[in-house]
Amino acid sequence: MAEFFVTRNETEDKTHQIHSKTCDHLPEESALMYIGAYARKEAAEADATFYYKSVSYCPKCLA
Ligand SMILES: [Zn+2]
């Protein structure tokens, strides 16, 4: 299981980026919303879309 976060602010491509907790490029905590712990990033994405319509995977940690 890994813990996942989604950015509160949109990135340049107008999506909210999903990160793993272990990401080297994780934004500061105040810019993140905790999604939960999942075995697969697809499950994290499904729950992230509950908060934000357009989400994407961080290219550094979830590519
Ligand atoms: Zn990341």
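Since the structure is predicted, the reported quantities are computational estimates derived from the model, not experimental observations.

Reading the values: the criteria
- Along every chain, residues carry numbers that run from 1 in the direction the sequence is written.
- Since the coordinates come from a predicted model, pLDDT governs what is reported: local features require at least 70, and pairs of side-chain atoms require 80 or more to be given and counted, while whole-chain, interface and lining totals use all residues.
- Helix and strand assignments follow DSSP, with helices taken as H or I runs no shorter than four residues and strands as E runs no shorter than two, numbered in order from the N terminus.
- To sort residues by exposure, count the other C-beta atoms lying within 10 Å of each residue's C-beta; 20 or more gives buried, 12 or fewer gives exposed, and values between give partly exposed, all with C-beta atoms placed from the backbone.
- Between any two strands, at least two bridges found by DSSP are needed for them to pair.
- Helix axes are fitted to C-alpha atoms over the stretch in contact, other axes to C-alpha atoms as well, and angles between N-to-C directions run from 0 to 180 degrees.
- By the convention adopted here, residues are in contact when the distance between their C-beta atoms, placed from the backbone, does not exceed 7 Å.

## Things to note about the overall build of the chain
Argument step 1. Broken down by element type, the chain carries one helix and four strands.
Argument step 2. Sequence-ordered secondary structure for the chain, helices as α and strands as β, is β-β-β-α-β.
Argument step 3. Along the longest, intermediate and shortest principal axes, the C-alpha atoms of the chain span 30 × 25 × 20 Å.
Argument step 4. Here the chain, with 63 residues, has 19% of them falling under the buried criterion.

## A look at the sheet that holds strand S2 (residues 16-20)
Argument step 1. Strand order across the open sheet formed by four strands is S3-S1-S2-S4, with mixed pairing between neighbours. The outermost strands of the open sheet, each flanked by one partner alone, are strand S3 (32-38) and strand S4 (55-57). Mean inter-strand twist for the sheet, computed between neighbouring axes without regard to direction, equals 30 degrees.
Argument step 2. Across three bridges, the pairing between S2 and S4 is parallel. Each bridged residue has a counterpart across the sheet, and for glutamine 17 the counterpart in S4 is serine 56.
Argument step 3. Across the face of the sheet, helix H1 (residues 41-51) comes into contact with strand S1 (2-7), S2, S3 and S4 while running at roughly 140 degrees to S3.

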